[in-house]
Amino acid sequence: MRMDRSSRILALSALTRCLQEESSAIAAAAERLSSEQVEAALALLERCADRKAKLVITGVGKSGIVARKIAATFSSIGLMALFLNPTDALHGDLGVVAPEDVCLLLSNSGETTELLEVLPHLKRRGTGRIAIVGRSDSSLARGSDVVLEAGVDREVCPLNLAPTASTAVAMAIGDALAAVWMERRGISPADFALNHPAGSLGKQLTLTAADLMVPVSKLHPMQPQTPLPEVIGGLTRDGIGSGWVEHPEQPGSLVGLLTDGDLRRALQDHSADSWSGLTAADLMTIDPITVGGDVLVVKALEQMEHNRRKPISVLPVVGSDKRLMGLLRLHDLVQAGLA
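Residues numbered from 1 in each chain as written. Predicted model: local features only at pLDDT ≥ 70, side-chain atom pairs only at ≥ 80, totals over all residues. Heavy atoms only, no water.

Remarks on the nonpolar core
So, step 1. Leu45, Leu55, Phe74 and Ile130 are the most contacted members of the largest nonpolar core, which has 35 residues in total.
So, step 2. With 7 residues, helix α7 (residues 165–185) is the largest single contributor of residues to this core.
So, step 3. If sequence neighbours within four positions are ignored, Leu45 has contacts with Leu55, Phe74, Leu79, Ile130, Leu177 and Trp181. (Core = buried A, V, L, I, M, F, W, Y, C linked by side-chain atoms within 4.5 Å. Buried < 20%, exposed > 50% of the residue type's maximum accessible area, 1.4 Å probe, protein only. Helix = DSSP H or I, 4+ residues; strand = E, 2+ residues; numbered from the N terminus. Contact = heavy atoms within 4.5 Å.)

This is the structure we're talking about:
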């Protein structure tokens, strides 16, 4: 057991050392970056966004994997970006690159054959070129408009062969470019959510009450004079534990809301021998709290949990004409991961 514990400590200390080495490599790269080159790179990205052009990112091997990640990051924050395989580019895919676009090229050595073969075609098109390279005196650097040096003294790999520290630095520079671009463009949480509709933030900032409600077409209205047995049948038939009461003289208009809780309280407040005479009007909540269909679900949730009466689990959704559009249930918000 003592040996096992010693092994775990040794493994942990070795892992910590590797992480510290990568962290130091990133810090050293940050010190080496030229402020003029950084500003030039950001200016190209700004121009790309202003012209609604694309950021095309390319690399080979591990650099290609880093390129894919950087492309995904920029796409997610609102700058149209894509990964271009340099080999495929030379066999027809170069057609996706337009003169207005900007190309970000990743190579640790700066001498990657595939990238060097693509470079003159990018120049001929007038496409802006940013190189993230390990050597500022490399062929790729000399053929680019902007050079961001990402060199490392050695890899974390004990053989100093597997791309480790170098890919960490390239990734960090790509992330930093994206973060600063977001700051300068004033990207808001709402902007970010537009490209993340399935995430929690995206749902909070894009989904409305109308998106999650049970539509009125799937609900059977009751009338104020509907007797208790039919009320129970109606609540059971729709299977959502609630129902709505329609104004007798204004079809589609809500006059009251009925829930399982309303039913239980009414039965508790009335003697059993009077139950047969109860109607929907005796059971319903008159003038229930409502919400508009275009209200964000997070705002609707706030109304459910913090209102002038008590926490509620069902919220009627109404249109501008006050006609019922549907019922929004706390259950639906929970299923959507919003409550």
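From this point, the narrative continues.
Side note on the sheet that holds strand β9 (residues 285–286)
So, step 1. Judged by pairing direction, the sheet is antiparallel, and its 3 strands sit side by side in the order β7-β8-β9 without closing on themselves. Where the open sheet ends on each side, the last strands, each with one partner, are β7 (242–246) and β9.
So, step 2. Sheet topology note: the strand β8 (residues 254–259)/β9 ladder contains 2 bridges and is antiparallel. Across the sheet, residue Gly256 finds its bridge partner in β9, namely Ile286.
So, step 3. Packed onto the sheet, helix α12 (residues 260–269) meets β8 and β9 and runs at close to 80 degrees relative to β8. (Pairing = 2+ DSSP bridges. Axes fitted to C-alpha atoms, helices over the stretch in contact; angles between N-to-C directions.)

Points about the packing of helix α2 (residues 35–50) against α7
So, step 1. Two numbers describe how α2 lies on α7: the axes approach to 11 Å, and their chain directions differ by 60 degrees. If you check the angle between α2 and α7, you find them oblique. Read as a crossing pair, α2 and α7 show a hand that is right-handed. Contacts from Glu39, Ala41, Leu42, Leu45, Glu46, Ala49 and Asp50 of α2 reach α7 at Leu177, Val180, Trp181, Arg184 and Arg185.
So, step 2. Broken down by class, the residue content of the contact of α2 with α7 amounts to 7 nonpolar, no polar and 5 charged. (Parallel < 35°, antiparallel > 145°, perpendicular 65-115°, else oblique. Left-handed = near helix turned anticlockwise from the far one by under 90°. Nonpolar A, V, L, I, M, F, W, Y, C, P; charged D, E, K, R; others polar.)

A closer look at the sheet that holds strand β11 (residues 314–318)
So, step 1. Ordered by their spatial adjacency, 4 strands build an open sheet running β6-β12-β11-β10, and the pairing between neighbours is mixed. This sheet does not close on itself; its edge strands, each paired only once, are β6 (214–215) and β10 (291–292).
So, step 2. As defined by bridge partners, β10 adjoins β11 across 2 bridges and the pair is classed as parallel. Bridge assignment links Val291 to a residue of β11, and that residue is Val317.
So, step 3. The sheet strands contacting helix α14 (residues 297–305) are β10, β11 and β12 (324–329), and the helix crosses β11 at an angle near 130 degrees.

Regarding the environment of Trp244
So, step 1. When you line up the elements, Trp244 lands in strand β7.
So, step 2. Looking at Trp244, the relative accessible area reads 3%, which means it is buried.
So, step 3. The spatial distance from the C-alpha of Trp244 to the C-alpha of Leu327 is 8.6 Å, given a sequence separation of 83 residues.

Let's talk about the environment of Thr87
So, step 1. Along the polypeptide, Thr87 turns up in helix α4 (residues 86–89).
So, step 2. Between the C-alpha atoms of Thr87 and Ile57, which are 30 residues apart in sequence, the distance is 13 Å.

Section: α2
So, step 1. If you check α2, its first and last C-alpha atoms are 22 Å apart, about what 16 residues at 1.5 Å a residue would give, namely 22 Å.
So, step 2. Where α2 is concerned, the buried positions are Ala41, Leu42, Leu44, Leu45, Glu46, Cys48 and Ala49. (Expected span 1.5 Å × (residues − 1).)

A short note on the side chain of Ser138
So, step 1. Checked against the element boundaries, Ser138 lands in the loop between β4 (128–133) and α6 (139–142).
So, step 2. Discounting chain neighbours no more than four positions away, the residues touching Ser138 are Ser109, Gly110, Glu111 and Val133.

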